Amino acid sequence: MQFSAKSGEPQKKKTSCLVVPIFSKRKLSAAAANLDESSGGQISHVLGRGDIEGDEGQLLLLYALPGIAADRVMLLGCGEIDEFCAEKWRKAVAAAIAYLQQSHSTEAVFSLAGIAPKDSSTYRLVRDLVTAAEEAVYRFDELKSDPKKPRRPLKRITLYVASRDDLPIAERALTHGSAIASGTGLAKDLSNLPGNLCTPTYLAKRAQTLGKDSGNIQVKVLDEKEMKKLGMGALLSVSRGSRQPAKLIVMEYRGGKKNEQPVVLVGKGLTFDAGGISIKPAAAMDEMKYDMCGGASVLGTLSACARLGLPLNLIGVVPASENLPDGDANKPGDIVTSMSGQTIEILNTDAEGRLILCDALTYSERFKPAVVIDIATLTGACVIALGRHASGLISNDDELSEKLLEAGTSSGDRTWRLPLWEDYQTQLDSNFADMANIGGREAGAITAGCFLSRFTKKMKWAHLDIAGIAWLAGENKGATGRPVPMLTQYLLQRCKLAD
Ligand code: BES
Ligand code: MN
Ligand code: ZN
């Protein structure tokens, strides 16, 4: 979709639909009050008759208002004015866009003057409009033979801000919003692909395509032979159970100063997780095609940052593999040697994410990262702990944690910190190796983090367990593209380009 910002008089703009926010108890936003005046009080007249209250989720269309050039005006309910926040704004935008799309509008105008959620700014308001609008029109239908495409899709949105002075901020917000939305879209597209199409080899090819298309991301793909040379015994033990060879995808974006230490993102790219010999139950096993969402979010975030040309160095590392049962697969009790030299007793072959991640994290040391962040659909236990609203954050660095928590809140893509206390580490004790790959039923999300912490001692590190947030189940089954918004926000803030 195309977005542009304007200041001036939206009532004079010819458009098929002019959207204006209103609030509960029939309160007008400044934008709505403006139109009310131009139309000789038509809007307050309609409100007075009780057709709409202004509550969340309400919409009312008014046709052919005098003094207004638009074909129709959409009054968009945003709820109680005192409770108006970024989250509610995103929901209201989604409702408006869904209506526009279904009513075959190809373009629309939003008038934003004087609507300020208490936790937001013009920058956020505009950026959230873009990301919420793109989210609302996203479909994954490339694998349907006859997709039901909208006959006349929504293509263009113009937004009016209060004054000329707001335009540069609004334009920056549009650029950032579009980049975040396209990175999120890329992550969703990759994640929604099924395991038979999105194999480790395919994921590596898509990374290479991203490299070519962006022009500023260098991509290198290590094959199993090269990984063997590096001693990645943990990672390779997982792919041994599959006919698809593992790949280690390395993407480098160097937008910062030459010697500036990079941020390294490491994403779990398990293209299908059947559990291996410790096989999973059949119910909802199809959802394990989503076990590469961490990897997809790394591609999405790199693509967003490269598109914005952010002044920083950013490296993405995606270990990609399948986890299947096979005559050559890992067996419970097997002991493997990781690239770090530490040995691991595999007591459950379904705890494979940490096995591929630990070698990718050790590999990341070579980049001397300022910080390293891994992103993984790592544990069902994290979904039990936090549900589907926040990712789980585990880190050995308080400052990094604070920044990620903040980026999560301001992008509406939240995370919540879990402790990394020594007390939990003993759950990983093994009688036969340096550690076991599972820590028992209790605190499963934390012991998974404890496992990874043994491979990141030399770095400032954070782990995001995205098992609960990476996709939606049920009727709206599909990838969310999270945490691309939160990671991009973190990186924008690092460059002091977002508030
Ligand atoms: N990919 C799964 C984690 C997962 C499960 C994500 C359900 C989303 C929904 C991971 O590889 C896994 O199987 N973890 C095990 C670990 C256990 C064996 C210690 C789990 O969570 O059951
Ligand atoms: Mn597993
Ligand atoms: Zn897994």
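Heads up: the structure comes first, above all this text.
Only a predicted model underlies this, so the values are computations on that prediction, with no experimental measurement involved. (Residues numbered from 1 in each chain as written. Chains lettered and ligands numbered in written order. Predicted model: local features only at pLDDT ≥ 70, side-chain atom pairs only at ≥ 80, totals over all residues. Heavy atoms only, no water.)

Trainee: Break down helix 9 (residues 293–308) for me, citing the residues and quoting the values.
Mentor: Taking 1.5 Å of rise per residue, 16 residues should cover 22 Å, and helix 9 covers 22 Å from first to last C-alpha, within 8% of that figure. The buried count for helix 9 comes to 14 of 16 residues, which makes it a mostly enclosed element. Two residues or fewer after helix 9 comes G309, characterised by a positive phi angle close to 60°. (Helix = DSSP H or I, 4+ residues; strand = E, 2+ residues; numbered from the N terminus. Expected span 1.5 Å × (residues − 1). Buried < 20%, exposed > 50% of the residue type's maximum accessible area, 1.4 Å probe, protein only.)

Trainee: Kindly report on the coordination of the zinc ion (ligand 3), identifying the contributing residues and their values.
Mentor: Within the first shell, the zinc ion (ligand 3) binds the protein through K268 (NZ), D273 (OD), D291 (OD) and E352 (OE), at distances of 2.0 to 2.4 Å. Coordination at the zinc ion (ligand 3) comes from six donor atoms whose angles at the metal span 79 to 178°, giving a geometry best classed as octahedral. Between consecutive donor residues of the zinc ion (ligand 3), the sequence gaps follow K-x4-D-x17-D-x60-E. A separation of 3.1 Å is found between the zinc ion (ligand 3) and the manganese ion (ligand 2), both of which receive a donor from D273. Each of the two residues, K268 as well as D273, counts as buried. (Donors = N, O, S within 2.8 Å, 3.2 Å for Na, K, Ca; no water. Tetrahedral: all angles 85-135°; square planar, octahedral: opposite > 155°, others 65-115°.)

Trainee: Which residues make up the packing of helix 10 (residues 353–364) against helix 14 (residues 444–453), and what are the values?
Mentor: Closest axis-to-axis distance for the helix 10/helix 14 pair is 9 Å, and the angle between their directions is 30°. In terms of orientation, helix 10 and helix 14 fall into the roughly parallel class. Classified by chirality, the crossing of helix 14 by helix 10 is right-handed. Along its contact with helix 10, which presents R354, L355, L357, C358 and L361, the element helix 14 presents A448, F451 and L452. (Axes fitted to C-alpha atoms, helices over the stretch in contact; angles between N-to-C directions. Parallel < 35°, antiparallel > 145°, perpendicular 65-115°, else oblique. Left-handed = near helix turned anticlockwise from the far one by under 90°. Contact = heavy atoms within 4.5 Å.)

Trainee: Tell me about the site of ligand 1, residues and numbers included.
Mentor: Every one of the 16 residues lining ligand 1 counts as a neighbour, but K280, D291, D350, E352 and G380 are closest to it. Separating an oxygen atom of ligand 1 from a side-chain N or O atom of K268 is a distance of 3.3 Å. K280 is positioned with one of its side-chain polar atoms (N or O) 2.8 Å from an oxygen atom of ligand 1. When ligand 1 is considered free in solution it has 510 Å² of accessible area, and contact with the protein chains removes 77% of it. Here ligand 1 occupies the second largest pocket. (Near = heavy atom within 4 Å. Polar contact = N/O pair within 3.5 Å; in protein donor to acceptor, adjacent residues only side chain to side chain. Areas by Shrake-Rupley, 256 points an atom, 1.4 Å probe, with all protein chains shown as cover. 1 Å grid on protein atoms, 1.4 Å probe; cavity = no way out; pocket = protein on both sides within 12 Å on 5 of 7 lines; lining within 4 Å. Sits in = over half its atoms within 2 Å of the grid points.)

Just distances and angles here, no functional claims.
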